[in-house]
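Observations on the three-dimensional arrangement
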Amino acid sequence: MNQAARTAVFVLEQDSAMRQEVCAELARICPDVRGFGLQEELLPALEIAPAVCLLDMDSPEAGGLEICRHLRAQGDDQAHVILSSRHDNIQLRLNAYDAGCNDYIQRPLIPEEIVRKVDGVLKAHAQVAALSSQLDYAMSTAFSAMSTMAEMGTVMKFMREVFACDTPQQIIDQTIAACRDYELNTLVACRLGDSSLAHSEHGPASPLECSLLEHARNNDRITQFSGRLSISYPHLTLLVTNWPKTDEDRAGRLRDHLAFVAEAADIRCKVLEHDTRRLQRTETILEAVNGLMRMVDYLRERQQSQRESVMRMVADQGDEIARSFYRMGLTDAQEGVILNLVSSRGAEICEQMAGFGLEQERMLEGIIETMKSLAED
C-alpha cells in the first residue's frame, strides 16, 4: 500500500446526528472524511486504504469490531483504528486489542477529543510517508550507485585487458565480452589500414551485418535509432542491437560506459596499426641494410680483384719492357731506373685504388649504421 495516499478518515457511527457532528469537526483538519452507518456500507470503501477508522463497537449492526478484524485479516496494519464504546471493562479492551485496535474511546463521543487524536494520527502518517519517500530515494540512489560501480567495473576490466591485445580479433572479442556483461547484443567492426574485420556474438558478421556496420560507420559519433545504438571511431564501430531505450537511467549510464569502451578499443587499434607500420618500415630498412652489406662485400671483392689485375698488368708490362731492353741498347743502370719507375707507378695506382675503395666502404658502413639505428627506434 502506498502510505503517501493515506489521507482518508472513516467514521462508522450508527447515530446519524453524532456521525454528522463528528464528520463536520474532522473536516476542518482532513479534506477526505467519510461517514457510514453500517459495516456493509463501509466495507467496499476499504479499498482506498484509510488513514484512520473511528468505529462504533456498541451496535452489532454497525460491526466496528468486525471491521477492525477484516482490516487486519487483509494485511492492512497501517490504518489507525479507534474503537468507541459506552462500556469500559477489561474484557472489552482485550477484545479490541485482539481484533487489532490501536486506540479506545469511551462514549459519549467528544468531537474535540476525536479531532486531537485524529490530527495526531494524520501528522504521524505524513511523517511516515515523508520518511518512506526519503528511504525509497536513498535506496534508489544506493542501488543506482552500486549498479554504476558494477558497470564501471566492467569498463575498468576492459581497459586492463584491451591494452594487452595484440590482434584485431582479440580487440573485437574483448569488446563483445564487455557488452555481454551489460546484457547487450553487439556487432563490432575493426579497421587497420586497408583491412577490416567484423564479428557478432555468433562469429564472423554476415553480409547484412557488415552493411549495417558500414552504415553506422558513416553516422555521428554516437547515434541511437529504433532500439539500436551505434558508436563509431576511425578504427572501430560498435552497433548494439537490443538497446534498453525504455530504461532511460540505465541507458544513459551504458551510453557513457560504451563510449569509453569504444574509444579505448579504437586507441588500441590505432596503436596496433602504428606498430604494424613501424614493423613494416623496420623490415624494409633491414632489407636495405642487408642489401648494402652485400654491396660492401661485393665492392671489396671487386676492389681486391682489380688490385690483383692491376698488379698483374704492371708485372706483365715490366716483363714486356725488360724484353724490349735487348733492342734498345740501354745500360743496366738505365734499365733499372725504368723498371723501378714502372713498378712504383703500379704500386701507386694500387694504393690509390685501395684508398678510394676504403673511403667507399666507410661511407657505406656509415649509411648502414644510420639505417640500423632507424630500425631499432
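Predicted model, so just to flag it, every value in this text is computed and none were measured.

Each value, and the rule that gives it
Residues numbered from 1 in each chain as written. Predicted model: local features only at pLDDT ≥ 70, side-chain atom pairs only at ≥ 80, totals over all residues. Heavy atoms only, no water. Core = buried A, V, L, I, M, F, W, Y, C linked by side-chain atoms within 4.5 Å. Buried < 20%, exposed > 50% of the residue type's maximum accessible area, 1.4 Å probe, protein only. Helix = DSSP H or I, 4+ residues; strand = E, 2+ residues; numbered from the N terminus. Contact = heavy atoms within 4.5 Å. Patch = residues over 30% accessible without salt bridge, like charges linked within 9 Å, V, L, I, M, F, W, Y side chains within 5 Å. Areas by Shrake-Rupley, 256 points an atom, 1.4 Å probe, with all protein chains shown as cover. Salt bridge = Lys/Arg side-chain N within 4 Å of Asp/Glu carboxyl O. Phe/Tyr/Trp six-rings, centres within 6.5 Å; stacked < 30°, edge-to-face > 60°. Lys NZ or Arg CZ within 6 Å of the ring centre and 35° of its normal. Pairing = 2+ DSSP bridges. Axes fitted to C-alpha atoms, helices over the stretch in contact; angles between N-to-C directions. Parallel < 35°, antiparallel > 145°, perpendicular 65-115°, else oblique. Nonpolar A, V, L, I, M, F, W, Y, C, P; charged D, E, K, R; others polar. Right-handed = clockwise from strand over helix to strand, strands pointing away.

The next subject is the nonpolar core. Among the nonpolar cores identified, the biggest contains 30 residues, and Phe-158, Ile-171, Leu-184, Leu-236, Val-240, Trp-243 and Leu-258 are the most heavily contacted of them. Sort the elements by how many residues they give to this core and helix H8 (residues 248-328) lands first, with 9 residues. Apart from the residues lying within four places of it in its own chain, the contact partners of Val-240 are Leu-184, Asn-185, Thr-186, Gly-227, Arg-228, Leu-229 and Leu-258. Core analysis: the next-biggest nonpolar cluster, separate from the first, contains 22 residues, Leu-42, Cys-53, Leu-65 and Cys-101 among them.

Moving on, we get to a nonpolar patch on the surface. Taken together, the side chains of Phe-163, Ile-267 and Val-271 define a hydrophobic patch exposed on the protein surface, amounting to about 220 Å² of accessible area. Take Val-271: it is sitting in helix H8. According to the relative accessible area criterion, Val-271 is partly exposed, its value standing at 31%.

Scanning the model with the defined rule gives 1 aromatic pair in all. Ring geometry for Phe-10 versus Phe-36: centroids 5.3 Å apart, planes at 70°, classification edge-to-face. Of this pair, Phe-10 sits in strand S1 (residues 9-12) while Phe-36 sits in strand S2 (residues 33-36); the two residues are 26 residues apart in sequence, bridging distant segments of the chain. Given a relative accessible area of 0%, Phe-10 falls into the buried group. When the ring centre of Tyr-233 is taken as reference, the NZ or CZ atom of Arg-221 above it lies at 4.1 Å.

Where strands meet in a sheet, backbone hydrogen bonds hold them as pairs that are either parallel or antiparallel. Here we have 5 strands laid out as an open sheet, ordered S2-S1-S3-S4-S5, and parallel in their pairing. At either end of the open sheet lies a strand with only one pairing partner, and these are S2 and strand S5 (103-106). Pairwise comparison of adjacent strand axes, ignoring direction, gives a mean angle of 15° for this sheet. Each of S1, S2 and strand S3 (52-56) is contacted by helix H1 (residues 16-26), which is oriented at about 170° to S2, the strand it contacts most.

Our focus in this paragraph is the pairing of strand S9 (residues 222-225). Pairing between S9 and strand S10 (residues 228-232): 4 bridges, direction antiparallel. Across the sheet, residue Ile-222 finds its bridge partner in S10, namely Ile-231. Connecting S9 to the antiparallel partner S10 that follows it, the hairpin turn spans 2 residues, and Ser-226 within it adopts a positive phi of roughly 50°.

With that settled, the discussion passes to the pattern of salt bridges. In the structure shown here, the tally under the stated rule is 12 salt bridges. When the shortest N-O distance is used, the salt bridge between Arg-107 and Asp-56 registers 3.9 Å. You can see Arg-107 sitting in the loop between S5 and helix H5 (111-162) and its partner Asp-56 sitting in strand S3, a full 51 residues away along the chain. Here Arg-107 matches Asp-56 in class, with each residue buried. As a salt-bridge pair, Arg-268 and Asp-166 come within 3.8 Å of each other at their nearest N and O atoms. Of the two residues, Arg-268 sits in helix H8 while Asp-166 sits in the loop between H5 and helix H6 (168-181), which places them 102 residues apart along the sequence. On the accessibility criterion, Asp-166 (57% relative accessible area) is exposed. When salt bridges that share partners are traced, they join Glu-13, Asp-56 and Arg-107 into one network.

Glancing now at the sheet that holds strand S11 (residues 236-240). With respect to topology, 6 strands assemble into an open sheet ordered S8-S7-S6-S11-S10-S9, the strand pairing being antiparallel. Looking along the sheet, the strands with just one partner apiece sit at the ends: strand S8 (203-204) and S9. Bridge count for strand S6 (residues 186-192) against S11 is 5 bridges, and the pairing is antiparallel. Across the sheet, Ala-189 pairs through a bridge with Thr-237, a residue of S11. Along the sheet, H6 contacts S6, strand S7 (195-200) and S11; its crossing angle with S7, the most-contacted strand, is approximately 30°.

Axis separation between helix H3 (residues 64-73) and helix H4 (residues 90-99) bottoms out at 8 Å; the angle between their running directions is 30°. When the interaxial angle is binned, H3 and H4 end up roughly parallel. Facing Leu-65, Cys-68, Arg-69 and Arg-72 of H3, the residues of H4 in contact are Asn-95, Ala-96 and Ala-99. Here the residues of the contact of H3 with H4 sort into 4 nonpolar, 1 polar and 2 charged.

For strand S4 (residues 80-85), the tally of buried residues reaches 5 of 6 residues, placing the bulk of the element in the interior. Pairing geometry for S3 and S4, over 5 bridges, is parallel. From the neighbouring strand, Cys-53 faces S4, where its bridge partner is Val-81. Sheet topology note: the S4/S5 ladder contains 4 bridges and is parallel. Among the inter-strand pairings, Ser-84 is bridged to a residue of S5, identified as Ile-105. Once the chain exits S4 it traverses H4 before rejoining the sheet at S5, and the crossover so formed is right-handed.

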